Structures are given as C-alpha cells and as structure tokens.
Amino acid sequence: MNSLWVVAAVLAFSFVWHRKSKAQAGPLPPGPTPVPILGNVRDLTAKELWLAATKWAKQFGDVVHVHIVGQGLVFLNSPEATMDLLDRKGSIYGDKPALVMAGELCGCETMVAFTRYGDESRRQRRLLNQAFGVQVIPSYHPLIATETHSFIQRLVADPSNYIDHTRRYAGGLTLSVIYGYEAVGNNDKFLSLGEECVDILSNKIASGGGIWPVDIFPSLKHLPTWAPGSGFLIKAAEWKAKMEEFVDQPYNFVKASLTAGTHVPSFCSMLLEDKEKCSPQFEFDLKHTANSMYSASMDTTITVFCHFLLAMVLHPEALAKAQKEVDSVVGPDRLPTFSDRPSLPFVEAIFSETLRWGVPVPLSLPHRLMEDDVYRGMFIPKGSLIFGNIWAITRDETLFPNASAFLPERYMEKVDPALAKKRDPRSYVFGFGRRRCPGVNLVESSVWLMITTVLATLNISKAKDDFGNPIEPKIDFNNAVFRIPDKFQCDIRPRSEQALKVLRQAEAARS
Ligand code: HEM
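Residues numbered from 1 in each chain as written. Predicted model: local features only at pLDDT ≥ 70, side-chain atom pairs only at ≥ 80, totals over all residues.

**Thoughts on the overall build of the protein chain**
So, step 1. When helices and strands are tallied, the protein chain shows 19 helices and eight strands.
So, step 2. For 511 residues, the compact-globule estimate of 2.2 N^0.38 gives 24 Å, and the protein chain sits close to it at 24 Å.
So, step 3. The buried share among the 511 residues of the protein chain stands at 43%.
So, step 4. Taking contacts inside the protein chain between residues at least 6 apart in sequence as the whole, the part at least 24 apart equals 75%. (Helix = DSSP H or I, 4+ residues; strand = E, 2+ residues; numbered from the N terminus. Rg over C-alpha atoms; globule rule 2.2 N^0.38 Å. Buried ≥ 20, exposed ≤ 12 C-beta atoms within 10 Å, placed from the backbone. Contact = placed C-beta atoms within 7 Å.)

This is the structure we're talking about:
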C-alpha cells in the first residue's frame with residue numbers, strides 16, 4: 001500500500017468518527033462491505049473500474065455506495081436513477097468535486113469538466129454553447145468534410161496508424177474551429193502536447209476514480225517534499241507545468257496571429273476581436289473553455305472510431321449491408337454529404353450501436369452532490385461523488401437484449417417514442433444533467449460523416465498472417481477513463497480504384 005494511504009488511514013479516525021456522529025435520514029445505499037477506516041480502497045480498480053461497479057450493481061441494485069476513507073462514491077446504475085437524480089435534481093447534482101490533487105495541485109480546476117457549479121461554470125457553458133450549439137454546427141460542415149476527406153487519405157496511405165490519424169482528425173478539427181490553427185502532420189506540436197496532457201489527465205491524475213489521499217485530507221498538501229509519501233507533490237508540480245503549457249500555447253498562438261494580422265477566423269479570434277468584451281475575466285474564461293473543448297475532443301473521438309473499426313472487423317455482414325445502403329444512395333461518383341443522412345437508416349443504426357456497444361466514457365465523469373439527499377429511502381450525503389454508470393445501463397439485458405453483441409438491427413425496429421428515447425445511447429453516453437457533454441452536436445455531425453465516408457470508400461477486415469490466415473484482433477483496455485481499445489491489427493484498404501478517384505477529386509476541388 002502506498003505510504004501516503006497509511007498516513008491517510010491514521011488521520012481518518014477522527015474524520016470517520018465525525019461523519020458517523022452526524023444524523024442520517026435513512027441508511028446509506030447498499031454496497032460491498034468496506035474495511036474499517038480505509039473503506040473500499042481495495043475494491044477500486046485502476047483498470048476498467050466500470051466492470052467492478054457493474055458487478056456491484058448486479059449484487060446490490062441500481063444505487064450503490066462505497067467509500068474511500070469516508071469519501072462517499074455513489075454509482076447510479078439504471079436510466080431511472082440517473083434520470084431521477086442527475087437530470088431531475090440537476091441543481092444539486094451539477095457540481096464537480098473540489099479535488100485538491102487534480103484541481104489545485106495539478107491546475108485542472110479551471111477546466112470545464114472540473115469547474116464547480118456556479119457563475120464560472122455557467123459562463124463557460126454559455127461559451128461552449130456559442131461554439132457548439134446545435135444552430136452553429138452547419139457552419140462547420142465544409143470544414144468537417146475537408147478534414148474527413150484528408151483523414152481518409154491518410155488512412156489509405158498509412159492504415160496501421162489509424163489511432164494517430166484519428167487524433168489528428170479530431171484534434172485538428174477543434175484546433176481549426178477554436179483557434180484557427182492548422183495542424184501540420186501527426187506529430188504537430190499542439191497535437192503532441194494535447195496527447196501528452198490528456199494521457200496525464202486520464203491515466204495518472206484521474207486513475208482509480210481520481211481520489212488521492214490529499215483529496216480526503218487536504219492538509220497533506222503542506223507535507224515537506226522530503227517527507228515519506230510526498231512524491232505526489234513532485235508529480236503534481238510536474239503535471240501542473242505541462243497543463244499550463246497546454247492551456248497557454250494554442251491561446252497565445254491566436255493572440256499573436258491576431259496582432260500580426262495573420263489569423264485565420266476562429267471561435268477565439270472572433271471573440272477576441274470584440275475588444276469591448278475583453279475583460280481579464282472574459283479572457284480567462286475563454287482561454288480555459290477553449291482548452292477544455294480541445295482536450296475533450298480527442299480521446300472521445302478516438303474511442304468511438306476505434307470501436308467502429310473493431311465492429312466492422314468483427315461483423316463483415318454489418319459492413320456489407322451498410323456499404324450496400326451507402327452505394328445505393330450515394331453512388332460511385334461522389335462522396336457522402338450531410339444531405340444523404342435521412343436516406344441512410346442502417347448507417348444511422350451502426351452509428352447508434354457503435355456508441356452503445358463501445359461506451360466511450362463508461363463511468364461518465366463524477367458529479368458532486370451539493371446537499372444531503374434522500375432517494376427511495378436511502379440517504380446520500382452531501383459531498384458524495386456521483387458516477388452515472390453508463391456501462392451498466394448500456395449492458396442492461398432488459399433494455400438491450402443480447403447486450404454484449406454488436407447488433408445495429410436493434411435500432412431498425414419501430415418502437416414508441418418513449419422507449420426509443422430510453423434505448424437511444426445518446427441519452428447516456430454523453431453524460432447527464434447540467435454537465436452533459438457540450439460537444440454532442442459536433443460529434444453528431446463529425447463522427448457521422450467520418451463513418452459514412454469510411455463505409456463509402458474503404459474495406460475493413462481482419463489482418464492476415466504470413467500464411468493468409470485471419471488474425472483475431474486482440475483487445476485490451478488500459479485507459480482509466482476512456483474505453484479506448486489498445487491498438488489492434490486490422491486490414492484497411494480502398495474499396496476500389498473508383499473510390500480512390502473520387503477521393504482524389506475531392507482533394508483537387510479543395511486546392
Ligand atoms: C464521441 C465523443 C464524445 C463523448 C462520448 C463524450 C462524452 C462526454 C461525457 C460522458 C462527459 C461527462 C458529462 C458529465 O459530467 O455528466 C463529457 C463532458 C464534456 N465533454 Fe464530451 N464527449 C465527446 C466529445 C466531445 C467533444 C468533441 C467535445 C468538444 C469539442 C467535448 C467537450 C466536453 C466538455 C467541455 C465536457 C465537460 C462538461 C462539463 O463538465 O460541464 N466532448 N463528454
């Protein structure tokens with residue numbers, strides 16, 4: 001056990017005693033039995049925590065409570081529980097935890113996903129809505145199409161690096177929209193910085209639920225750096241410096257290009273040109289909100305695209321059916337456009353099933369309860385961290401029969417609108433209530449065009465060994481927050497000479 005947890009355990013006596021002495025309006029939700037003082041520390045896995053959480057859901061029900069040295073964690077495992085609490089009671093479930101490690105020591109407190117509920121988060125959400133509100137998205141369609149066609153060209157040229165190409169696509173799209181910056185190559189400086197920082201965030205800072213001993217005992221932040229167990233302070237200082245570069249560098253790029261008059265119009269440049277508005281607070285909000293949009297766009301899009309690829313590798317029948325549909329609507333002489341969308345119901349079903357089956361962020365991001373609450377007779381204490389367990393919901397057999405199978409046909413059935421909404425993965429995979437993902441409208445367009453254009457132009461299948469035998473993709477998940485499959489082998493190639501020709505024509509039309 002980490003020596004810092006031992007220090008924490010000693011300090012915990014008084015804390016736990018204090019909490020127990022408070023009056024509770026009912027029992028806590030059920031959950032796995034904690035050990036004295038440390039609670040469920042040993043039950044929390046750094047890898048695929050959603051699997052453990054879903055096992056508890058089967059055992060204890062749709063509201064499960066665990067604690068780490070007194071800090072309550074509540075997992076909501078059904079559409080009803082997430083809807084009742086995170087959506088309907090959003091005004092008390094919309095806060096984010098004041099994590100000392102992630103927020104204060106690593107400098108993430110101003111990132112949108114960590115901002116406390118209140119004026120600052122409302123100002124940030126307004127900016128996000130200005131950038132990615134449903135009404136704004138059509139203005140990005142030409143840029144999305146350009147980026148999609150370049151992405152496909154890169155996949156054709158170098159298929160095995162599909163993850164890097166997807167990062168460049170997603171990061172490049174947001175860098176263009178937000179900062180007017182054009183990424184140069186897969187190793188572009190801002191893309192590399194983004195990759196490094198998102199990895200620090202999800203696999204280091206937020207690993208294992210993101211709770212560090214210092215979050216429970218904030219006074220630990222005053223430990224001298226020579227003291228045993230103070231290693232986290234050194235790591236935090238290193239990560240904070242990186243995070244500051246990540247926030248500042250692309251923003252400084254826009255400001256410098258505005259001053260030089262070389263800027264490409266973007267969300268930031270447009271707002272910065274309005275000098276009247278540019279108070280220090282506005283600039284602060286803009287800089288951090290812009291960074292949050294950029295950082296949130298990469299691993300999420302990579303996760304969805306990798307699951308789409310994997311589904312196509314494992315289900316050639318679904319690929320063939322979708323390609324037939326695209327061919328009949330789009331034909332061989334052009335690439336798909338947004339106006340084709342209403343005529344492609346099976347592609348739509350593939351998109352929905354990819355979101356459900358892939359579950360990009362299986363435990364969403366934690367919310368913090370702002371007041372004591374009682375739900376179905378169970379007491380949920382103020383300060384509890386609330387996880388919407390999207391994995392459990394999207395694997396619920398009553399809602400999605402044969403839930404572990406990739407079955408796009410499940411979305412082709414006509415069902416009444418209430419049931420359709422309940423079975424729509426978009427009701428869950430983008431999170432809940434007042435913190436629901438503000439990138440959802442962009443994803444709806446960008447990922448749709450991405451997968452439709454892949455279906456129109458590429459074939460995807462299992463890779464083959466030297467003897468021509470198919471290689472089963474080996475799948476592993478090592479990211480603590482995003483369900484990104486580690487790179488797997490597959491074969492990606494153009495469907496035909498004609499497909500290559502229309503791709504070249506699209507490129508020529510741009511230049
Ligand atoms: C397929 C892609 C994506 C998925 C599945 C996804 C999913 C999520 C989820 C589950 C959350 C947590 C919501 C909660 O706390 O309840 C979230 C938050 C967020 N997402 Fe996304 N996201 C995606 C793409 C994007 C993109 C492209 C952007 C920006 C361009 C974005 C920006 C954000 C931001 C800023 C937050 C924090 C919101 C807040 O705390 O108020 N996301 N996303």
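There's plenty left to go through after this.
**Some details on the packing of helix α8 (residues 162-179) against helix α9 (residues 189-205)**
So, step 1. Between α8 and α9, the shortest axis-to-axis distance is 10 Å and the interhelical angle comes to 110°. Here α9 runs roughly perpendicular to α8, going by the angle between their axes. Touching Arg167, Arg168, Gly171 and Leu175 of α8 are Phe190, Leu191, Gly194 and Glu195, all from α9.
So, step 2. For the contact of α8 with α9, the class distribution of residues is three nonpolar, two polar and three charged. (Axes fitted to C-alpha atoms, helices over the stretch in contact; angles between N-to-C directions. Parallel < 35°, antiparallel > 145°, perpendicular 65-115°, else oblique. Nonpolar A, V, L, I, M, F, W, Y, C, P; charged D, E, K, R; others polar.)

**Comments concerning the pairing of strand β1 (residues 63-68)**
So, step 1. With respect to burial, β1 is a largely interior element, six of its six residues being buried.
So, step 2. By the alternation rule, side chains of β1 split into Val63, His65 and His67 and Val64, Val66 and Ile68, which are all buried.
So, step 3. Once β1 ends, the chain turns through two residues before running back antiparallel as strand β2 (residues 71-76), passing Val69 with a positive phi of about 45°. (Pairing = 2+ DSSP bridges.)

**Concerning helix α15 (residues 345-358)**
So, step 1. With 14 residues, α15 extends 20 Å between its outermost C-alpha atoms, agreeing within 8% with the 20 Å of an ideal straight helix rising 1.5 Å per residue.
So, step 2. Within α15, ten of the 14 residues are buried, leaving the element largely enclosed by the surrounding structure.
So, step 3. Of all the residues in α15, the buried ones are Val347, Ala349, Ile350, Phe351, Glu353, Thr354, Leu355, Arg356, Trp357 and Gly358.
So, step 4. The elements touched by buried residues of α15 are α13 (280-314), α14 (316-330), α16 (390-394) and α18 (440-457). (Expected span 1.5 Å × (residues − 1).)

**So, unusual backbone geometry**
It is generally the case that most residues other than glycine have a negative phi and that most peptide bonds are trans.
So, step 1. Positive phi, normally seen in glycine, also occurs at Arg376, with a value near 45°.
So, step 2. Structurally, Arg376 can be placed in the loop between β4 (373-375) and β5 (378-380).
So, step 3. What makes Arg376 exposed here is the crowd of 12 C-beta atoms within 10 Å.
So, step 4. A positive phi angle is found at Asn402, which is not glycine, with a value near 55°.
So, step 5. Topologically, Asn402 is positioned in the loop between α16 and α17 (417-423).

**So, the nonpolar core**
So, step 1. Ranked by size, the top nonpolar core spans 135 residues in total, and within it Met101, Ile178 and Leu309 carry the most contacts.
So, step 2. Beyond its immediate chain neighbours, meaning those up to four positions away, Ile178 contacts Ala131, Ser266, Phe267, Cys268, Ala290, Met293 and Tyr294. (Core = buried A, V, L, I, M, F, W, Y, C linked by C-beta atoms within 7 Å.)

**What about the sheet that holds β1?**
So, step 1. With mixed pairing, the four strands of this open sheet are ordered in space as β1-β2-β6-β3. The sheet is open, and its two borders are formed by β1 and β3 (367-368), each paired with just one other strand.
So, step 2. Judged from the six bridges that link them, β1 and β2 form a sheet pairing that is antiparallel. Bridging from a neighbouring strand, Val64 pairs with Phe75 of β2.

**Re the UniProt feature "binding site: heme" (unreviewed entry) in the protein chain**
So, step 1. When the UniProt feature table is mapped onto this chain, "binding site: heme" (unreviewed entry) is found at Cys437.
So, step 2. Mapped onto the elements, Cys437 comes out in the loop between α17 and α18.
So, step 3. Among residues more than four places away in sequence, those in contact with Cys437 are Phe430 and Gly431. (UniProt positions renumbered as here; feature names shortened; annotations may be inferred.)

**Looking at the site of the ligand**
So, step 1. Neighbouring the ligand are 27 residues, the closest being Ala296, Thr300, Gly431, Cys437 and Gly439.
So, step 2. Of all the secondary structure elements, the ones that give two or more residues to the shell around the ligand are α13 and α18.
So, step 3. Element by element, the count of residues in the shell around the ligand is highest for α13, at seven residues.
So, step 4. Residue composition of the shell around the ligand, grouped by class: 16 nonpolar, nine polar and two charged. (Near = placed C-beta within 6 Å.)

**A word on the confidence of the model for the protein chain**
So, step 1. Taken residue by residue, the protein chain gives an average pLDDT of 91. The fraction at 70 or more is 95%.
So, step 2. Low pLDDT (under 50) marks residues 1-21, which in the prediction has 27 contacts with non-local residues, meaning those over four places away or in another chain. (pLDDT = per-residue confidence, 0-100.)

**Regarding the environment of Ile386**
So, step 1. Turning to its location among the elements, Ile386 is positioned in strand β6 (residues 385-388).
So, step 2. Judged by C-beta crowding, with 26 C-beta atoms within 10 Å, Ile386 ranks as buried.
So, step 3. Measuring from C-alpha to C-alpha, the distance between Ile386 and Tyr93 comes to 8.0 Å, with 293 residues separating the pair along the chain.
So, step 4. Beyond its immediate sequence surroundings of up to four residues, Ile386 is in contact with Val74, Leu76, Leu85, Leu86, Tyr93, Pro366, His367 and Leu369.

**Some words on the environment of Leu355**
So, step 1. Within the fold, Leu355 resides in helix α15.
So, step 2. Aside from chain neighbours lying at most four places away, what touches Leu355 is Val304, Pro425, Arg426 and Val429.

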